[in-house]
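A look at the structure
Okay, here's what each chain looks like letter by letter:
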Amino acid sequence: KILLFGIIRHYKGVDLLINAFSKLPPKNLENWSLLIVGKPDMDLSKEFKFIKDSNMGEPIYFDLEYKNDDELDFYLTSADVIAFPYREIDASGAFFTALNYNKTLLASKLGVF
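Let us look at the structure shown here. Each residue is numbered by its place in its chain's sequence as written, counting from 1. For this predicted model, a pLDDT threshold of at least 70 governs which residues receive local features, and a threshold of 80 or more governs which side-chain atom pairs are given and counted, while totals over whole chains, interfaces and linings are taken from all residues. With hydrogens and water excluded, all non-hydrogen atoms of the structure serve as input to the side-chain values.

1. Topic: the environment of Leu 105
Under the scheme used here, helices are H or I runs from DSSP no shorter than 4 residues and strands are E runs no shorter than 2 residues, and both carry numbers assigned from the N terminus. Looking at the element boundaries, Leu 105 is found in strand β5 (residues 104–107). Three labels apply to residues, based on accessible area from a 1.4 Å probe with only protein chains included: buried if under 20% of the type maximum, exposed if over 50%, partly exposed otherwise in between. For Leu 105, a relative accessible area of 30% gives the class partly exposed. Measuring from C-alpha to C-alpha, the distance between Leu 105 and Ala 83 comes to 5.9 Å, with 22 residues separating the pair along the chain. Ignoring sequence-local partners within four residues, the contact set of Leu 105 consists of Ile 82, Phe 84, Phe 95, Ala 98 and Leu 99. Contact between two residues is taken to exist if any of their heavy atoms lie within 4.5 Å; hydrogens are not considered.

Structure (structure tokens):
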């Protein structure tokens, strides 16, 4: 499972991650899923349309609500990879939270990353 979590904002690159995920060969999609978890602070209609148009639907899951610490712990514990495909960043609370879980991190080469 690849996880992107936190308040979902444009600069966090959710569209970039979905686009990259869509480029995985179909045989790899059988082994991976993409979880996008957190309260959106942006319109995700373009992302939903891209997923629908690309016929990927099944391996991409959204849980678009605020998560308390216990709920977030569930997602972070179950993830294999935690993704930070940010367009811009200096520091990130989500990143520092993820460090405590000893998971593979996939991040843009920016700021604290």
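2. Examining the side chain of Lys 67
Within the secondary structure layout, Lys 67 lies in the loop between β3 (60–63) and α4 (69–78). A distance of 2.8 Å separates a polar atom in the side chain of Lys 67 from a polar atom in the side chain of Asp 63. With near-sequence residues (within four places) excluded, Lys 67 lies in contact with Val 37, Leu 72 and Tyr 75. N or O atoms closer than or at 3.5 Å make up a polar contact, with two conditions inside protein: a donor-capable atom paired with an acceptor-capable one, and, for residues adjacent in sequence, both atoms drawn from side chains.

3. Thoughts on helix α1 (residues 14–22)
Val 14, Leu 17, Ile 18 and Phe 21 are the residues of α1 that are buried. Taken end-on, α1 shows its buried residues confined to a sector of 100°, consistent with a single buried face. Of all possible arcs, the one meant is that of the directions from the helix axis to the C-beta atoms.

4. A closer look at the side chain of Ser 92
Its place among the elements puts Ser 92 in the loop between β4 (81–84) and α5 (93–99). The buried category is assigned to Ser 92, whose relative accessible area is 5%. In this structure the side chain of Ser 92 is engaged in a polar contact, spanning 3.4 Å, whose partner is the backbone nitrogen of Ala 94. Of note is the side chain of Ser 92, whose polar atom sits 3.0 Å from the backbone nitrogen of Phe 95. Setting aside residues no more than four positions away along its own chain, Ser 92 makes contact with Phe 84, Tyr 86, Val 112 and Phe 113.

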